[in-house]
Amino acid sequence: MSTPSRTGGPPPKAAGPPPLPARAGRALLSARMPTVAVAALLAATVAASAALQPGFFSPYGLTSSFATFLPLATIAAAQTVIVLGGGIDLSIGAVVTLSSAVSVVLMQGDDARLPLALAAGLATGAACGLLNGLVVAGLRLQPIVATFATGSMFGGAALLVLPKPGGTASPLLTEAYRMVVLAYIPVPAVLLLLLWLAWRVLRRHRFGQYLYAVGGDAGAAYTSAVPVSAVRVLSYTLGGLIAALAGTALLADSGAGDPTLGTELTLGSIAALVIGGTRLRGGSGGVGGAVTGAIVLSLIQGLVFFAGVPTDAREFVYGCVIIAAIALAGLLTARAAQRPAFQGANR
Amino acid sequence: MSTSTAPAPAAPQAPERPSAARRLLRDPVAVSAAVTLLLWTATVLHSPSFAEWGQVVTLLTVASFLGVIAIGQTLVIIAGGEGIDLSVGATATLSAIIASRFMAGSDDGFLTAVLLALAACCAVGAVNALGVLVFRVPPLVMTLGMIAVVTGFIRLYTGGRPEGSAAPLLRTLVTGDTVAGVPGVLWLWLGLAALVIWMLRRSPFGWRLYAVGGNPATAYLSGVSPAAVKFAAYVLSSLFAGVGGLLLLGYAQNVYTSLGTDYMLNSVAAAVIGGTALIGGVGGYLGTAIGAVLLTVLDTLLRVTQVGGGEWGDAPRQIIYGAVLITVLTAYGRQRRLRQ
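Criteria and cut-off values
Residues numbered from 1 in each chain as written. Chains lettered and ligands numbered in written order. Predicted model: local features only at pLDDT ≥ 70, side-chain atom pairs only at ≥ 80, totals over all residues. Helix = DSSP H or I, 4+ residues; strand = E, 2+ residues; numbered from the N terminus. Contact = placed C-beta atoms within 7 Å. Buried ≥ 20, exposed ≤ 12 C-beta atoms within 10 Å, placed from the backbone. Nonpolar A, V, L, I, M, F, W, Y, C, P; charged D, E, K, R; others polar. Axes fitted to C-alpha atoms, helices over the stretch in contact; angles between N-to-C directions. Left-handed = near helix turned anticlockwise from the far one by under 90°. Expected span 1.5 Å × (residues − 1). Arc of directions from axis to C-beta. Parallel < 35°, antiparallel > 145°, perpendicular 65-115°, else oblique.

(A) Spatial organisation of the overall build of chain B. Scanning chain B for helices and strands turns up 14 helices and 2 strands. Put simply, of all contacts in chain B between residues at least 6 apart along the chain, 75% involve residues at least 24 apart.

(B) Quick look at the overall build of chain A. Across its full length, chain A holds 15 helices and 2 strands. Across the 347 residues in chain A, those meeting the buried criterion constitute 51%. Looking at chain A alone, contacts between residues at least 24 apart form 80% of all its contacts between residues at least 6 apart.

(C) Quick peek at the interface of chain A and chain B. Residue-level contacts link 42 residues of chain A with 41 residues of chain B. Mapped by element, the contributors of at least two residues to the side of chain A that touches chain B are helix 7 (143-161), helix 11 (218-223), helix 13 (262-275) and helix 15 (311-337) of chain A. A total of 14 residues in the side of chain A that touches chain B trace back to one element, the largest contributor, which is helix 15 of chain A. In terms of residue class, the side of chain A that touches chain B is made up of 31 nonpolar, 8 polar and 3 charged.

(D) A look at the packing of helix 3 (residues 53-78) of chain B against helix 8 (residues 184-202) of chain B. Residue and element names in this part refer to chain B. Across the interface, helix 3 lies against helix 8 with an axial gap of 10 Å and an inter-helix angle of 35°. Here the hand of the crossing between helix 3 and helix 8 comes out left-handed. Here helix 3 contributes Leu 60, Thr 61, Ser 64, Gly 67, Val 68 and Ile 71 to the contact with helix 8, which in turn contributes Val 185, Leu 186, Trp 189, Leu 192 and Val 196. Taken together, the residues of the contact of helix 3 with helix 8 break down into 8 nonpolar, 3 polar and no charged.

(E) Spatial organisation of unusual backbone geometry. Residue and element names in this part refer to chain A. Phi at Arg 140 takes a positive value of approximately 55°, unusual for a residue other than glycine. By secondary structure assignment, the location of Arg 140 is in the loop between helix 6 (114-138) and helix 7. Assessed through the 17 C-beta atoms surrounding it within 10 Å, Arg 140 is described here as partly exposed.

(F) Spatial organisation of helix 8 of chain B. Residues and elements named next belong to chain B. Between the first and last C-alpha of helix 8 there are 26 Å, a value that for 19 residues agrees with the 27 Å anticipated at 1.5 Å per step. Taken together, the buried positions of helix 8 are occupied by Val 185, Trp 189, Val 196 and Leu 200. For helix 8, the arc enclosing every buried residue in end-on projection is 40°, short of the 170-degree limit, so these residues lie on one face. Those residues of helix 8 that are exposed and angled more than 90 degrees off the buried face are Gly 191, Ala 194, Trp 198 and Arg 202. Its buried side turned inward, helix 8 meets helix 3, helix 7 (168-175), strand 2 (182-183), helix 9 (204-214), helix 11 (226-252) and helix 13 (285-304).

(G) Region of the structure containing helix 5 (residues 92-107) of chain A. Here helix 5 of chain A is 16 residues long and its end C-alpha atoms lie 22 Å apart, about the 22 Å a rise of 1.5 Å per residue gives. Gln 108 of chain A lies just past helix 5 of chain A and shows a positive phi near 55°.

(H) Molecular detail of the packing of helix 4 (residues 88-103) of chain B against helix 6 (residues 139-158) of chain B. All names here are of chain B. Relative orientation of the contacting elements helix 4 and helix 6 amounts to 20°, with a least axis distance of 9 Å. Classified by the interaxial angle, the pair formed by helix 4 and helix 6 is roughly parallel. For helix 4 against helix 6, the interelement crossing comes out left-handed. Listed contacts from helix 6 to Ala 90, Thr 91, Thr 93, Leu 94 and Ile 97 of helix 4 are Ile 147, Val 150, Thr 151, Ile 154 and Thr 158. Among the residues forming the contact of helix 4 with helix 6, the class breakdown is 6 nonpolar, 4 polar and no charged.

Laid out in structure tokens, this is it:
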């Protein structure tokens, strides 16, 4: 009596071929593979920095570290919003330089002009993003080439506004950026946290859901009544706006505008995003990973400096380390992506 | 045609072939050739000296560097899988720098220098392919990362100050009159173009390239190894970038570390203007060659009309360049609608 019931009829919970808890556990593990990789990279680089860089954890050291993290992390976040929606923006560096150039020219080192200048910079960034979005979603051009073309236009405009590096940021902005709250927490760290929290809110909002849907499969999203074109335009606009925030952070960090940084920033944003485990094809990943990737990139750059690498070899070593990090992230992301059911489930 | 006596028959709309004119209007090669002629006419109208044979040859010579570098770009893009090679600019610079150091202004080490330079470029291509095929890094990111590695290597190799100069032989080959008053570099470009077009259209490798770009799974099931084809495409891309770098060296005679930077995205633009789609499996080299000429003519036009110039600097030129690129692409570079 009891023997057949034990062997033949276990409760329906375990009836399916893979037991539910095991399946859930595996799903969690596979979806979080890129997160694990980037967390390991972060731990390794932070440990190495703490060992090699004197005073890394002092308030001053932390402030200057976070001050360099924030611009790249914000650009990476902007690029992530665009890539998640299935696009890519090669003009993002030019948007950053254009908006910061507009801000610094209007600011003229005067605190009274600060709000107006910041608003103008943000509006410029959003307008550039809107143009990108209209070209990509409206004219249906391939994003890589289209944003390369608009990037040329924005870069030209930045040179028109600010022909050579210069200008003076308002002292209020640069001083506030270097402040330390509660004796230990630098202002840029607080801003970074705010950026991440804003992303979490957006992620929960309907637009966040739409973003993943469009990036994952635009056709399926369209059939499910997602306004695909509108989502794309909005993702580029939002990306442009966040890029303008990055321009402000850059301005606050360096105290002056520089119209020639564009390409470098674009490359950095894409590298940070890929190290952070966001799929370049869209629909999978998140801002958290991109921000961590940006921090890892900045730390590696600092490490190469502090590890005593000869000046001429520095760039080469940095390039090799970046390639290795990207390859590692790529290997893990590709493996996780082989289980399509759980793509983009987390983060 | 415009008679409104009877309502148009609605049924045969689907199988109806578009008219010849309409097809021509949608053909990237025809459109880009027409735009090129238009831009050239505008240039000539502005300053008639540009219609002279010598000026045309100079213009084509400048276009040939972009054209040669874009050969490899076209192959990589056709091979599909989001294929793109952004490292071509850095690779071209690398090749020029290695060659100039080994040539050191004399013909003695000519062959060694050329072989060494091209071998270094092939190594870059092999690393690109390795990253894309084995480590599954997206090509855009892999080749982007290789820019940092290659420029870093150049810095390490030269210490920031490139040495040497082009061999006289290379100089003669590139700029000297060889046959019929046409410099050697144009004959070389013509030869390479014919070779590549033949290879893409008539050789088994070309067919495999399109097969892999169009649908890697089908190609694999038909007995083509997608990995081998893509590996070849990336190595060839770096090789042609290296050849382009050598030609640039022969033209400029001295090297600097940003020699090839402009060719990174312009080679992609030339390929796309010529009708090679970034999704892979579509396009050809004839279009790319015309695209290279188009971009060069556009640049020349903006220079001779001195848009901006003086206090404005390069800025207006950049803005117009971007706007024209978008306009040309809008003619045919558009993706399909979602609603169909």
